[in-house]
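# Residue-level structure breakdown
Here is how the chains run, residue by residue.
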Amino acid sequence: MKTLTALLGTTHPLIQAPMAGAQGAALAIAVSNASGLGSLPGAMLTPEALRTELATLSGGTQRPWNVNFFCHTPPVPDAAQEARWREALAPFYAEAGLDMAAVPAGAGRVPFSHAVADVIEPFRPPVVSFHFGLPAPDLLARVKGWGSVVLSSATTVEEARWLVAHGADAVIAQGLEAGGHRGHFLSHDLGAQMGTWALLPHIVAAVDVPVIAAGGIADAAGVAAAMALGAAGVQVGTAYLCSVEATTSALHRAALQSEAARHTALTHVFTGRPARGIVNRVMRELGPMNPAAPAFPLATAAMAPLRAHFEAQGCSDFSPLWAGQNTSGCRTLPAAEITRQLTLGFGSMATTHSEGGAIQAGGGPALESRFVVIFRAQAQALDADYSAMAAQMRELALTQFGCLDFTATTEGDQEIAVSYWPDEASIRAWKQHTDHLAAQRLGRERWYAAYSVEVAEVTRRYRHPTPSAGQGA
Ligand SMILES: Cc1cc2nc3c(=O)[nH]c(=O)nc-3n(C[C@H](O)[C@H](O)[C@H](O)COP(=O)(O)O)c2cc1C
């Protein structure tokens, strides 16, 4: 079986979850450029907006990226159900002084189709992911035919097996903790679904493709836990919602960073399909599940005017505040920095060269790494430029100057970065690069109170477990 990094073409097996309504190309670009897989949610975009976002995304990174779509079967509109729904919402309309008769009925999200495929085909997306199953065989064959790697979410073992049997190259195991819509498509019984840490080993044992853990992973420890349970990689959504590049509204960001975020629930009152969000007034007063809600995505139309009315008054009582159960990673940071911190959870296991070369699996730097650069710093004022520059220096070292391994970590205001090199000439060449010199100057002027650099020669090394012959030291 291929590793996930080999399948996706990324340095790290980390996918930024596509999050419709909360991000565009900017977040995806930032994550792809920081060595993860950035994702663009396509489900709510018009063909024109999709084309524009794809042009921005493909122009903004040389790295692989993902575009995501929904594959639901559009429901047949049911006038009686719609009437029941409007009746349930009538008291809120009266309170807001809104006219129910002015609300257009209609779908908000259309499933993936040949028309959408026409828009994305010229961009040859490296990865296409789906939610709610997979498209019809002819459509899927078209996507795979132009070379895209295909992913989709499974909420049960049965769905994972189905996805593999129908052509998915890897499966996203979406645990119940996950924010946003549940990806189920075989059974609508939420009782059959499991939390991430229970679901993951079941799916890993059941399928022979890479399994990506999703739901509740918000920091390096969560990433390490998923990998320990057999995941080939992780997909993280909620922890990116407060990133600088996300388009998450101010009201949503405030909720994510408040005490209210500790209470999330699955609700279908916003769209007609169960999705996890922070509990607010409309969820409390209508449900969170309400039999009057029409099928996905028809519930959205009558809810939208209430949302707009209350949001205009600075109130999120009628807004979908999508969030996973673990909001502890929601911090206002550049996505590159969030990505860097998450990838620390892979340890040296995932530190690879994107261009091939001395790849190490689970054992630290390569045998030919004779020199180590130990950089220690005390930070004074780290800003958005800092994390972008740190990621760039690391990439430069790994991709252009022969660096064999690069690990950085922070604790409080203390930072330590350790990089391994085959010779001193490579280290000198890296340090003399104009970008490195510029970073050094900014480090002195802005970011660091103090720092030290040591170049050391490795004279002895050992590790556990001892690698077998031919696998390096
Ligand atoms: C705001 C938000 C929007 C989401 N929108 C999508 C989407 O458009 N497509 C999709 O496949 N998954 C979507 N998801 C679900 C994610 O793919 C993923 O399962 C989830 O974010 C993982 O759990 P976590 O949020 O705890 O990290 C969304 C999640 C959130 C939080």
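Residues numbered from 1 in each chain as written. Predicted model: local features only at pLDDT ≥ 70, side-chain atom pairs only at ≥ 80, totals over all residues. Heavy atoms only, no water.

### What about the pairing of strand 13 (residues 405-411)?
Successive side chains on a regular strand alternate, one facing one side of the sheet and the next facing the other. Bridge count for strand 13 against strand 14 (residues 414-421) is 7 bridges, and the pairing is antiparallel. Along strand 14, the bridge assignment pairs Phe 406 with Ser 419. From the end of strand 13 to the start of strand 14, which pair antiparallel, there are 2 residues, and Gly 412 there has a positive phi angle of about 60°. (Pairing = 2+ DSSP bridges. Helix = DSSP H or I, 4+ residues; strand = E, 2+ residues; numbered from the N terminus.)

### Details of the layout of surface pockets
One simple way to see leftover space: roll a probe sized like a water molecule over the atoms. In this model, the largest pocket occupies a volume close to 900 Å³. Looking at the lining of the largest pocket, the elements that each hand over two or more residues are strand 3 (65-70), strand 4 (127-131), strand 6 (170-174), strand 7 (180-181), strand 9 (233-236) and helix 12 (299-312). Examining the composition of the lining of the largest pocket, we find that 5 residues originate from one element, helix 12, more than from any other. Among the residues making up the lining of the largest pocket, the classes are represented as 22 nonpolar, 25 polar and 3 charged. (1 Å grid on protein atoms, 1.4 Å probe; cavity = no way out; pocket = protein on both sides within 12 Å on 5 of 7 lines; lining within 4 Å. Points joined across faces, edges and corners; volume = space filled by probe spheres on them. Nonpolar A, V, L, I, M, F, W, Y, C, P; charged D, E, K, R; others polar.)

### Topic: the sheet that holds strand 13
As summarised here, the arrangement of the 4 strands in space is 13-14-12-15, forming an open sheet in which the pairing is antiparallel. Here the strands that pair on one side only, and so sit at the sheet edges, are strand 13 and strand 15 (448-457). Strand-to-strand twist of the sheet, defined as the mean angle between neighbouring strand axes without regard to direction, takes the value 10°. Looking at chain direction, strand 12 (residues 371-379) and strand 14 are connected through 8 bridges and run antiparallel. In the strand pairing of strand 14, Val 372 is matched with Tyr 420. Lying over the sheet, helix 14 (residues 384-400) contacts strand 13, strand 14 and strand 15, oriented at roughly 155° with respect to strand 13. (Axes fitted to C-alpha atoms, helices over the stretch in contact; angles between N-to-C directions. Contact = heavy atoms within 4.5 Å.)

### Focus on the packing of aromatic side chains
In this structure the tally under the stated criterion is 16 aromatic pairs. Consider the rings of Phe 69 and Phe 112, whose centres lie 4.8 Å apart with planes at 35°: the pair is tilted. One end of the pair, Phe 69, is in strand 3; the other, Phe 112, is in the loop between helix 4 (79-96) and helix 5 (114-120), and 43 residues separate them in sequence. On the numbers, 5.3 Å between centres and 70° between planes, the contact of Tyr 386 with Trp 447 is edge-to-face. Linking Tyr 386 in helix 14 with Trp 447 in helix 16 (residues 434-447), this pair joins segments that are 61 residues apart in sequence. Assigned by exposure class, Tyr 386 and Trp 447 land together as buried. Following the ring pairs from residue to residue traces out a cluster consisting of Phe 375, Tyr 386, Trp 447, Tyr 448 and Tyr 451. If you follow Arg 273 out to its NZ or CZ, it ends over the ring of Phe 132, 3.8 Å from the centre. (Phe/Tyr/Trp six-rings, centres within 6.5 Å; stacked < 30°, edge-to-face > 60°. Buried < 20%, exposed > 50% of the residue type's maximum accessible area, 1.4 Å probe, protein only. Lys NZ or Arg CZ within 6 Å of the ring centre and 35° of its normal.)

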